[in-house]
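# Structural description and commentary
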Amino acid sequence: QQTLNPGCEAGTRFGEDDIECGNSEADINLSVGTPAGQALLREEATSIGRTRFGETLIIEVVIKNLGQTLATDLRTQLNNEGANDQTLTLVEENAEDLPQLLHRRCSTTLEPGMECAIPLRFAPNGSPFTSQTWTASLRIEYQNGREQRLLEFPLEATGEDCAERQAIAHFETPEIRHYGRIESDSLQITQSLELSPGSGSAEPSEIATLQIPLRLSSLKTRVEHLRISLHLEDPEVPGLPLFPAIAETSLAGENLYPGRGRSQVSMLPSTDEESSTAIPFQWLRFTFEKPVQVASGSRLVWALQTEGLKSGSLLYGRHEDLNSARSGYLGGIAGTYSEVSHSFTALPFLDTHFILESCANQPTSL
């Protein structure tokens with residue numbers, strides 16, 4: 001007969017006196033143990049952090065022998081949800097890029113009370129500004145001294161590239177009363193800013209998008225493209241963009257004024273009759289091809305320019321209150337830049353509303 005140690009028993013003990021129905025007391029004692037002479041494997045909780053596309057994360061799945069004898073004939077198998085997907089894989093024994101493990105690597109045996117690690121490699125790839133989750137199942141077969149056993153548990157890992165964003169520079173005040181005008185493809189409106197981390201961190205920012213409120217001056221206005229470029233600021237001339245741009249992107253066709261008349265559209269108050277017509281201002285979002293990494297504390301300049309502007313002009317929301325001590329954009333200089341004469345003209349009360357967004361919760365590989 002098989003004995004159990006420390007025991008696997010359940011029993012009840014009633015009061016010493018005779019039992020009366022409905023008036024009894026009971027003590028329940030339950031203890032569970034590992035069968036003597038057997039190995040019992042269990043895995044520790046495994047955390048797989050969010051990993052940037054193009055980077056590699058090594059994960060250690062740790063298992064422990066809770067039994068009293070040697071576990072033998074250990075074999076592992078990783079089953080991905082996608083049959084041919086090699087994003088989440090077992091690390092081979094002779095892998096050259098395997099870093100120093102925190103636990104000894106599992107072999108074909110595991111002694112009682114000992115633990116070992118099964119290393120996995122997570123190498124996700126995908127498009128910028130998206131995230132994707134991969135799932136797999138890790139199977140561990142072993143001989144426990146009496147029979148073949150199977151330990152199986154699911155794995156889930158997420159890769160991303162700036163899928164979530166947060167505003168790091170936000171200049172949107174209720175005092176706006178006027179509008180600016182662009183009537184030439186050779187003229188760019190510019191605005192400088194300084195990236196100052198709110199948390200005091202020196203980590204670089206990864207700029208993802210830039211939003212500006214824009215509108216056509218009339219239904220007859222036509223523009224082929226709107227181009228936004230991001231520059232470092234000239235250290236000798238505040239507000240002047242340095243060329244070439246560190247990043248640029250454009251909007252064209254149907255992307256210029258998406259969702260007109262819907263919830264995203266907002267009218268900016270104005271004292272001017274033209275700016276209060278039926279054509280509303282639209283917050284246009286310019287998304288860079290991929291996140292732009294910029295050092296914390298950098299002085300930047302963004303510049304907006306039209307391409308193919310015809311039969312009208314482009315209006316943009318601006319702040320212009322000459323009588324207010326709060327006039328002007330704190331920490332930046334607004335103005336215009338001419339591609340023809342390569343000259344910059346500072347216009348301190350032409351500050352434009354804008355929202356600059358950076359990647360939030362940037363993932364890093366371990």
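Look up: the structure comes first, before these words.
Residues numbered from 1 in each chain as written. Predicted model: local features only at pLDDT ≥ 70, side-chain atom pairs only at ≥ 80, totals over all residues. Heavy atoms only, no water.

### A few points about the state of the cysteines
- If you walk through the whole model with that rule in mind, you get two disulfides.
- A sulfur-sulfur distance of 1.9 Å marks the disulfide that ties Cys106 to Cys116. With the S-S bond torsion at 90°, the cross-link from Cys106 to Cys116 turns out right-handed. Taken together, the residues span a long stretch of sequence, with Cys106 in the loop between β7 (88-90) and β8 (115-122) and Cys116 in strand β8 at a distance of 10 residues. You'll find Cys106 and Cys116 in the same group, each marked buried.
- Here Cys162 pairs with Cys359 through a disulfide, and the sulfurs are 2.1 Å apart. Judged by the sign of its S-S torsion, about -105°, the bond between Cys162 and Cys359 is left-handed. (Disulfide = S-S within 2.5 Å. Helix = DSSP H or I, 4+ residues; strand = E, 2+ residues; numbered from the N terminus. Buried < 20%, exposed > 50% of the residue type's maximum accessible area, 1.4 Å probe, protein only.)

### What to know about the environment of Leu214
- Tracing the sequence through the fold places Leu214 in strand β14 (residues 205-216).
- Along the primary structure Leu214 and Leu315 are separated by 101 residues, whereas in three dimensions their C-alpha atoms are 5.7 Å apart.

### Regarding unusual backbone geometry
- Phe243 connects to Pro244 through a cis peptide bond whose omega is 0°.
- By the secondary structure assignment, Pro244 is in the loop between β15 (225-232) and β16 (247-252).
- Although it is not a glycine, Phe129 adopts a positive phi angle of roughly 65°.
- In this structure, Phe129 sits in the loop between β8 and β9 (130-143).
- With a phi close to 55°, Ser311 is a non-glycine residue in the positive phi region.

### Description of the packing of aromatic side chains
- According to the stated counting rule, one finds four aromatic pairs in the structure shown.
- Residues Phe243 and Tyr337 carry aromatic rings whose centres are separated by 5.2 Å and whose planes lie at 35° to one another, so their mutual orientation is tilted. Here Phe243 is found in the loop between β15 and β16, whereas its partner Tyr337 is found in strand β20 (residues 334-338), with 94 residues between them in sequence.
- Given the relative accessible area of 6%, Tyr337 is considered buried.
- Joined through ring pairs, the aromatic side chains of Phe171, Trp302 and Phe354 make up one cluster. (Phe/Tyr/Trp six-rings, centres within 6.5 Å; stacked < 30°, edge-to-face > 60°.)

### Notes on the sheet that holds β8
- Taking strand neighbours across the sheet as the criterion, the four strands line up as β3-β5-β8-β7 in an open arrangement whose pairing is antiparallel. Each edge of the open sheet is held by one strand with a lone partner, namely β3 (41-43) and β7. Averaged over all neighbouring strand pairs, the angle between strand axes comes to 35°, with direction disregarded.
- Pairing of β7 with β8 involves three bridges; the strand directions are antiparallel. Across the sheet, Thr89 pairs through a bridge with Arg121, a residue of β8. (Pairing = 2+ DSSP bridges. Axes fitted to C-alpha atoms, helices over the stretch in contact; angles between N-to-C directions.)

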